[in-house]
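# Examining the three-dimensional arrangement
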Amino acid sequence: MTVARRIAAPLRKIGSLLVSVGLTFLGLTCVTFVIGRVIPIDPVLAIVGDKASNETYERVRLQLGLDQPLLEQYWHYLVKVVHGEFGTSVMTAHPVLDDLLSVFPATLELATLSLVIGVVGGIPLGVYAAVNRGRWQDQLIRFMSLLGYSMPVFWLGLIGLLLFYAKLGWVAGPGRVDVGFDDMVPAVTGLMTIDSLLAGEDEVFWNVLSHLVLPSSILGYLSLAYVARMTRSFMLSQLKQEYILATLAKGLSPFRVVWIHALGNVWVQLVTVIALTFGSLLEGAVLTETVFAWPGLGLYLKNSLFAADLNAVLGGTVLVGVVYIVLNMLSDVVYTLVDPRARGQGT
Amino acid sequence: MAKISRRQALAGAAAVPLALQGQAALAATPKDTLVVAKQIDDIITLDPAECYELSGIEVATNLYDRLLRYEAEDVTKMVGGVANMPSVSADGKVFTFKLKPNQKFHSGAPVTAEDCAFSLQRVVLLDKTPAFLVTQLGWTKANVKDLVKATAPDTLQFTITESYAPSMVMNLMTSIIASVVEKKIALANEKDGDLGNTWLKTNSAGSGAYKLISWKANESVSMEAYPGFRMGPANLKRVVIRHVAEPQTQRLMVEKGDVDVARDLSADQIKAVRGNKDLRIEDFAGANTWYLGLNMSDERLKNEKVRTAIKMLVDYDGMVNTFLKGQFFVQQSFLPVGFFSAMKYTPFKLDVAKAKALLAEAGYPNGFTIKLASNNSAPGPDIAQSIQQTMGQAGIKVEIVTSDRKTVLGDYRGRKTQMTLMSWGPDYFDPHTNADTFARNTDDSDGAATKPLAWRNHWSIPEISAQTALAAKELDAGKRKAMYEALQKKVTLEGPFVLMFQNVSEVTFRKNVSGFKLGITEDLNFYRTAKKA
């Protein structure tokens, strides 16, 4: 009985996870599909252009299956998506899945570096601000966070370009790599920093990094602002707890109390914050990618929306949804690593 | 609260990222490469039998040679391309083209009349957007293989079943549909009987001055010079067009020298870079006509006096002298200046008093309220606001409805708008292309076979349509010119179009770049003459 229960519990957990993932996915495809069909943009026009004859227009409309009832269209779409077919993008003439696989690494590279900057900078700043609550250090960090929250990212991007690229010449300009290095490195992972290292092209690596620094610093700053604010607030509630006083009374060093004990207790909340931040970065920072001519997911989604390229929009949205689902699952795993109480649940 | 020393806390914060300073790029483009910053997100295919987007046409112009051409050396004179100028039968129906000798495709295979015939046939057989350009000649999927043939390895002959002026047919043969595709390569890459369409969307099989290295959608187009080109190799070995969506970013890049040419700077940005000694600004007339469509299903707009009053309530000069400065000039004809028989025609000026009198005569002394649909990208909203302001002076209360261009277009095509601010670009370099849409509407029913601009505005014009058809067929150039002049006047004065502006492209070059000129249409934008010092 005990053995059976021990086996059944994790199975139930996996089962409920799969059901919730399945339902989330179904809801996601349903909502994106309906939105895609009710927006007042004609997907046929996107393909045939303004000047096409009536026959061409009608032929393409039938090809797209737009004459069928909405429910039937959704069913066909769902069956295809389950088989990994997102259709062909009007905008690029490629299968949407291929497009997504080619643009996503650009965003992943940018988002990862930005997240590293955000986390590595944000958490210590948040802790420092909490420890110095009300003092000038706290005020300064809060002001910096507020600034990061309130400044329009496209403006920050343009100013960053103007200053660090145009005036000071510290970093390279828009795009992922200089024209002279275009197509020099074969795409293995799609992450150009890694691909250039794999190819042993140091010069390309430095050039890629130089292109990456500014957009990732800007996005990193925004993440930093969020992470620092949240860390500060979580830490403030921890530092008020009695066990802090008790551990200090026992003679533990204040450094150890703050950085090990107090911070250790906010990790679960921080993991959620970090996962959400990463998720929003992976959605593709549309404006940053536009300003920096960064061929990532955000730019792809924006362009497909403007081009009324519904296959691409739906495919991209599903990808974003999948990213969130995966991040949620990862967070669940990380919870069990950072919080012993989570490990005990369900057993 | 426990005291923690500042040093201890700072030690924890030591992981704050150091300013990441990569190796800044050397801001200069390679000497043998022309790097252009441009918005190229409109490209959806590079197959010349399918491509109908402006950036795509420009790229295809350089990848494929065409039967006939207006060459970069003199864009006003039609000359032979792959073939010499054709001979035309006395009845104007049979066109015979002799190919120029020793031409080769990028693959090294010779260019033959069979390739030329195949290229024209596949436009009709594929039936993609540009197919209408040649189906108007009477070619159908059923007859095109009989009507378009290679009669010898170096001789192409085609027959048209409809009557058209030979000059118009020849002009069609300078457009994208007359791009010569290598038959063998297209068929080798055929999938499900698509005549190589899927493959040619992203690859090239031509004999133009450049061959395609890669097109990455919304990212870049890279081309390499073809040394065996008919007119000799291009000056620069490579051309890279980078998609830079944000004009401000384009400006920074051209100022910095990361690109040689910036194509999409706004009027304000152009003004700001004018003083830069490293840059040069050049103006090129475009062929886009900006106009206001007046839907005559609305009783008020059906009244000619109201339409004339509206034409007098637009501040044409005021706009081109202020926010449209450098980007547009006033042209109140449906033909852009630079086209055969185009008149520089500007009969209307802002005249509120006269307009008021006309409105009173028409029975609207206090004006009325009307909706104006405009797209939400520049300069649409600015023009719409100016119109709103000047029409308001005569009592016409304009409600502006702005939305995305595709939404406006959908409503306009469905004849759901009252007034529509729109632009129109010609399909090929002949006056018939615009006359056929502004001055033709023989069936105003909802189920009409074709839906030209006159149809979209409910302008039922059997007589004018007949004149348009006659002008397209007229063999005598002088008479043809006079016919188009009469049509232009009629459409401007009586039609449901407030014809306003013709566009000008302002291009920003690095000083060391020369020889790259933009033509009046994308069919005339040649990269091969560009040079770098």
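Residues numbered from 1 in each chain as written. Chains lettered and ligands numbered in written order. Predicted model: local features only at pLDDT ≥ 70, side-chain atom pairs only at ≥ 80, totals over all residues. Heavy atoms only, no water.

Residues and elements named next belong to chain B. Most of strand β16 (residues 419-424) is tucked away: six of the six residues are buried. Residues of β16 alternate between two faces, with Met419, Leu421 and Ser423 on one and Thr420, Met422 and Trp424 on the opposite face, all of them buried. As defined by bridge partners, strand β12 (residues 279-294) adjoins β16 across six bridges and the pair is classed as antiparallel. Paired with tryptophan 290 across the bridge in β16 is serine 423. The pairing of strand β14 (residues 369-375) with β16 spans two bridges and is classified as parallel. In the sheet register, leucine 372 faces β16, and the bridge partner there is methionine 419. (Buried < 20%, exposed > 50% of the residue type's maximum accessible area, 1.4 Å probe, protein only. Helix = DSSP H or I, 4+ residues; strand = E, 2+ residues; numbered from the N terminus. Pairing = 2+ DSSP bridges.)

What follows concerns the interface of chain B and chain A. On the chain A side, the residues contacting the 70 residues of chain B number 66 residues. Counting the surface lost from both chain B and chain A, the interface buries some 5,800 Å², and carbon and sulfur atoms represent 60% of this. Summed over the shared surface of chain B and chain A, the result is one salt bridge. Remark: the boundary between chain B and chain A carries six residue pairs in polar contact (both at pLDDT 80 or more). Elements with a minimum of two residues in the side of chain B that touches chain A: α1 (6-12), β1 (33-38), α8 (197-202), β8 (210-216), β10 (238-243), α9 (247-256) and α16 (405-413) of chain B. Residue contributions to the side of chain B that touches chain A peak at six residues, all from α1 of chain B. (Contact = heavy atoms within 4.5 Å. Buried area = accessible area lost by both parts, 1.4 Å probe. Salt bridge = Lys/Arg side-chain N within 4 Å of Asp/Glu carboxyl O. Polar contact = N/O pair within 3.5 Å; in protein donor to acceptor, adjacent residues only side chain to side chain.)

Attention now goes to the packing of aromatic side chains. What the rule picks out here adds up to 22 aromatic pairs over all chains. Relative to tryptophan 170 of chain A, the ring of phenylalanine 164 of chain A has its centre 5.8 Å away and its plane inclined at 40 degrees; by these criteria the two rings are tilted. Centre to centre, the rings of tyrosine 52 of chain B and phenylalanine 132 of chain B are 6.0 Å apart; their planes meet at 75 degrees, and the pair counts as edge-to-face. Here tyrosine 52 of chain B, found in the loop between β1 and α2 (54-63), pairs with phenylalanine 132 of chain B, found in helix α4 (residues 132-135); they are 80 residues apart in sequence, far enough to count as distant. By relative accessible area, which is 22% here, phenylalanine 132 of chain B ends up partly exposed. (Phe/Tyr/Trp six-rings, centres within 6.5 Å; stacked < 30°, edge-to-face > 60°.)

Glancing now at the pattern of salt bridges. All names here are of chain B. Under the definition given, this model contains 30 salt bridges over all chains. Across the pair arginine 300 and aspartate 298 runs a salt bridge whose closest N-O atoms are separated by 2.9 Å. As far as the burial class goes, arginine 300 and aspartate 298 line up, both buried. Across the pair aspartate 444 and arginine 415 runs a salt bridge whose closest N-O atoms are separated by 3.0 Å. Of this pair, aspartate 444 sits in the loop between α17 (432-438) and α18 (453-456) while arginine 415 sits in the loop between α16 and β16; the two residues are 29 residues apart in sequence, bridging distant segments of the chain. Through salt bridges that share partners, Asp65, Arg69, Glu71, Glu73, Arg230 and Arg528 make up one connected network.

Attention now moves to the confidence of the model for chain B. With 95% of its residues at a pLDDT of 70 or more, chain B shows a mean pLDDT of 91. We note a pTM of 0.79 for the whole complex and an ipTM of 0.71 for its interfaces. (pLDDT = per-residue confidence, 0-100.)

Attention now goes to the nonpolar core. Among the nonpolar cores identified, the biggest contains 120 residues, and Leu67, Trp139, Leu156, Phe158, Met173, Tyr210 and Met223 of chain B are the most heavily contacted of them. The next biggest cluster of nonpolar side chains, apart from the first, holds 81 residues, and it includes Tyr165, Leu248, Leu263 and Val273 of chain A. (Core = buried A, V, L, I, M, F, W, Y, C linked by side-chain atoms within 4.5 Å.)

Another point: helix α3 (residues 54-63) of chain A. Restricting attention to buried positions, one finds in α3 of chain A the residues Asn54, Thr56, Tyr57 and Val60 of chain A. Buried residues along α3 of chain A cover an arc of 165 degrees about the axis, so they all sit on one side. α3 of chain A presents Glu55 and Gln63 of chain A as exposed residues on the side facing more than 90 degrees away from its buried surface. Buried-residue contacts for α3 of chain A involve α2 (43-48) of chain A together with α16 of chain B. Positive phi shows up at glycine 65 of chain A, right after α3 of chain A, with a value of about 75 degrees. (Arc of directions from axis to C-beta.)

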